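Fold and contact review
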Amino acid sequence: MKLFPLLVCLIPFVANGADKNCATRNTVPGGKIALPEIIELGLCRNPQTTSAYLASESARFAKNAGYANYLPSVNLSASTSIPYNNGNRGDTSYGASISASYLIFDFGKRLADLNTLTETWRASGFEYDETVQNYIYGLIGAYYNLLNTNADVTSAQSLLTVAKTAKDTADKKFRAGVVAKSDVLKAATTLASRELDLERAKNNREIAKGTLLAKLSFSADQDIDIADMPAEFGTTAEIKNIDKLIEIAQKKRPDLLRATANKNAAWHRRNASFLKNLPSISASATINWNDTEIDNIGGDKYNASISVRASMPIFAGFANMYGVRQAQANYDRATEQERVTQDSAILDIFTAYQNYKTAQTVLTQTNTLLASATESERVTAGMYKVGKATMLDWQTAQSELVSAQKQNNAAKYDLFTKRAAVALAVGEIRVDMEKGE
């Protein structure tokens, strides 16, 4: 049995199934687009995630450059000189040299530097992961908000039909002399209110559509057709132990992993700052060649040297001492930042977990409320037609149905969003959302 089968998406930099030209296209793909395709398209086009990826790549190259300290350095130089003295030109001389140097021993400072760069690279990778997950969560919210507004438009259209039926019924009964003119006026008022509700719902849908398109880096005036969620989920079987969620978060949540990597980098940086005050031993070799236009008989054109050098800083105006103290303070700060991040993560998980449980209960309650309001409106409409209820009764039933419909739509898609919030809090976002696994 899966522990807590959450959402949404692994973190690919370029979506595997996305259009090869997705990054440069100017129009939205045709046909219905499901949530996984929305996420793939967004990851392919989003500049924020691309920027985070490039920052991670920069840190990786810096880490690779750190290995250079374990290799010898070689330099080649060449020169030409023409001396002039009192207007007289001397003999032209030529020279060339090649030198190599290698750090033999430094008490582990270069290893500390390399470990610092490695942990910095790991931290940037976790920052990229966090950027991607936050972006995906934003896409999920925009996607469900558009579905919610679509459902509100559908509900408003059906309720407008009900209001038209009520108006027609009141007209017929008034012409038959069964009801007063006030019933017709009340029905007309309700009809006008439903028409206004429909226009507001359409406006909200356009705003939600524009928001989703903007997150996908398309112009907001285009059209997009998204698929509804076919899966039913949100059952009590998904509510698992919160301690298990915290355990997962400690292994997968990017900001926790980044805080640990930053702390490790600060630790290695502190060591490197201390080791900088210890001796280092290096070897070097040089070969020189010199020649002039007039060769000297028996002259030696080549010379070479090999040397081993030990050096140790003695006094640098207390800079090294304060550098060590600064590095220690930075390490202590990184340790405290790790604790802050852990506390914040636990609170995020607890809050998201409780919100999700509440959303499950709210959805169940609104399903019951909608079923009751639908039946109440149907019964009241029938009673009005046979003269056993007033138009006010029917208006009240319609208002209750409107409220129940909106609450049910909001609860359904709020549950999906709250489920995504738990996935974000845990740091485990997957692609299999539509399967309801």
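For the structure, check the block above.
One structure accompanies this document, and this report is about it. What you see is a predicted model, and the numbers here were worked out from it, not measured in a lab.

Analysis parameters
- Residues numbered from 1 in each chain as written.
- Predicted model: local features only at pLDDT ≥ 70, side-chain atom pairs only at ≥ 80, totals over all residues.
- Heavy atoms only, no water.
- Helix = DSSP H or I, 4+ residues; strand = E, 2+ residues; numbered from the N terminus.
- Buried < 20%, exposed > 50% of the residue type's maximum accessible area, 1.4 Å probe, protein only.
- Contact = heavy atoms within 4.5 Å.
- Areas by Shrake-Rupley, 256 points an atom, 1.4 Å probe, with all protein chains shown as cover.
- Phe/Tyr/Trp six-rings, centres within 6.5 Å; stacked < 30°, edge-to-face > 60°.
- Patch = residues over 30% accessible without salt bridge, like charges linked within 9 Å, V, L, I, M, F, W, Y side chains within 5 Å.
- Salt bridge = Lys/Arg side-chain N within 4 Å of Asp/Glu carboxyl O.
- Disulfide = S-S within 2.5 Å.
- Axes fitted to C-alpha atoms, helices over the stretch in contact; angles between N-to-C directions.
- Parallel < 35°, antiparallel > 145°, perpendicular 65-115°, else oblique.
- Nonpolar A, V, L, I, M, F, W, Y, C, P; charged D, E, K, R; others polar.
- Pairing = 2+ DSSP bridges.
- Left-handed = near helix turned anticlockwise from the far one by under 90°.
- Core = buried A, V, L, I, M, F, W, Y, C linked by side-chain atoms within 4.5 Å.

Some details on the overall build of the protein
A count of helical and extended segments in the protein gives eight helices and eight strands. Residues counted as buried form 39% of the 437 residues belonging to the protein. Put simply, of all contacts in the protein between residues at least 6 apart along the chain, 82% involve residues at least 24 apart. Working note: accessible area of the protein is about 23900 Å², and carbon and sulfur atoms make up 55% of it.

Let's talk about helix α1 (residues 35-45)
The element α1 is extensively covered by neighbouring structure, given that ten of its eleven residues are classed as buried. The set of residues buried in α1 consists of L35, P36, I38, I39, E40, L41, G42, L43, C44 and R45. Packed against the buried residues of α1 are β1 (32-33), α2 (47-65), α3 (109-175), α4 (181-215) and β6 (225-226).

What about the packing of aromatic side chains?
Taken as a whole and judged by the stated rule, the model has eight aromatic pairs. Ring centres of F105 and F107 lie 4.7 Å apart, and the angle between their planes is 55°; this geometry places the pair in the tilted category. On the basis of relative accessibility, which here comes to 39%, the residue F105 falls in the partly exposed class. Residue classification places F107 among the partly exposed positions, given a relative accessible area of 39%. With a centroid separation of 5.0 Å and an interplanar angle of 45°, the aromatic rings of Y144 and F416 are classed as tilted. With a gap of 272 residues between them, Y144 in helix α3 and F416 in helix α8 (residues 391-426) connect regions that are remote in the sequence. Each member of the pair, Y144 together with F416, is buried.

Points about a nonpolar patch on the surface
A grouping of Y102, I104, F105, F107, I281 and V308 is seen on the molecular surface, where their side chains present a nonpolar patch of about 530 Å² in accessible area. Per-element accounting of the nonpolar patch gives the leading share, three residues, to strand β5 (residues 93-105). You can see I281 is positioned in strand β7 (residues 280-292).

Some points on the state of the cysteines
A disulfide bridge is the covalent bond that connects two cysteines by way of their sulfur atoms. Using the criterion set out here, one finds one disulfide in the structure. One disulfide bridge connects C22 with C44, the sulfur atoms lying 1.7 Å from each other. Between C22 and C44, the disulfide has an S-S torsion of 80° and is therefore right-handed. Of this pair, C22 sits in the segment before β1 while C44 sits in helix α1, and the two are 22 residues apart along the sequence. Exposure class is identical for C22 and C44. Each is buried.

Some words on the packing of helix α5 (residues 242-252) against α8
Taken N-terminus to C-terminus, the directions of α5 and α8 make an angle of 55°; their axes are 8 Å apart at the nearest point. In this view, α5 runs oblique relative to α8, as classed from their interaxial angle. Along its contact with α5, which presents L245, I248, A249 and K252, the element α8 presents V422, A425 and V426. Counted by class, the contact of α5 with α8 contains six nonpolar, no polar and one charged residues.

Looking at unusual backbone geometry
The backbone of S217 shows a phi angle near 65°, a positive value even though the residue is not glycine. Locating S217 in the fold gives a position in the loop between α4 and β6. Since its relative accessible area comes to 33%, S217 is described here as partly exposed. Positive phi is not limited to glycine here, since F318 has a value of about 65°. Within the fold, F318 resides in the loop between β8 (302-311) and α7 (319-385). On the accessibility criterion, F318 (49% relative accessible area) is partly exposed.

Some points on the environment of S280
Tracing the backbone through its elements, the reader meets S280 in strand β7. In sequence terms S280 and D106 are 174 residues apart; their C-alpha atoms lie 4.3 Å from each other. With residues up to four places along the chain from it excluded, the contact list for S280 reads L103, F105, D106, R309, A310 and S311.

Re the pairing of β5
As paired elements, strand β2 (residues 73-81) and β5 share nine bridges and run antiparallel to each other. Counted as the bridge partner of V74 is A100 from β5. Taken together, the twelve bridges between β5 and β7 define a ladder with antiparallel strand orientation. Bridge pairing in β7 places S93 opposite T292.

Quick word on the sheet that holds β5
In spatial order, the strands read β2-β5-β7-β8; together these four strands make up an open sheet with antiparallel pairing. Bordering the open sheet on either side are β2 and β8, each of which pairs with just one other strand. Mean inter-strand twist for the sheet, computed between neighbouring axes without regard to direction, equals 15°.

Considering the packing of α4 against α8
Running from N to C, α4 and α8 cross one another at 15°; their axes reach a closest spacing of 10 Å. As summarised for this structure, α4 and α8 are arranged roughly parallel, according to the angle between their axes. Remark: the crossing between α4 and α8 carries left-handed chirality. Note on element contacts: α8 touches α4 through M391, L392, Q395, Q398, S399 and V402, opposite D183, K186, A187, T190 and R194.

Notes on the nonpolar core
The biggest cluster of nonpolar side chains holds 38 residues, and the ones touching the most others in it are I38, Y143, Y144, L212, L216, I224 and I226. Within the residue set of this core, elements represented by two or more residues are α1, α3, α4 and α8. The dominant element in this core, judged by the number of residues it contributes, is α3, at twelve residues. Look past the residues within four positions of I224 in its chain and what remains in contact with it is V28, I33, I38, L146, K209, L212, L213 and L216. If you look at the next biggest cluster of nonpolar residues, it comprises 19 residues, including L245, I349, Y356 and V426.

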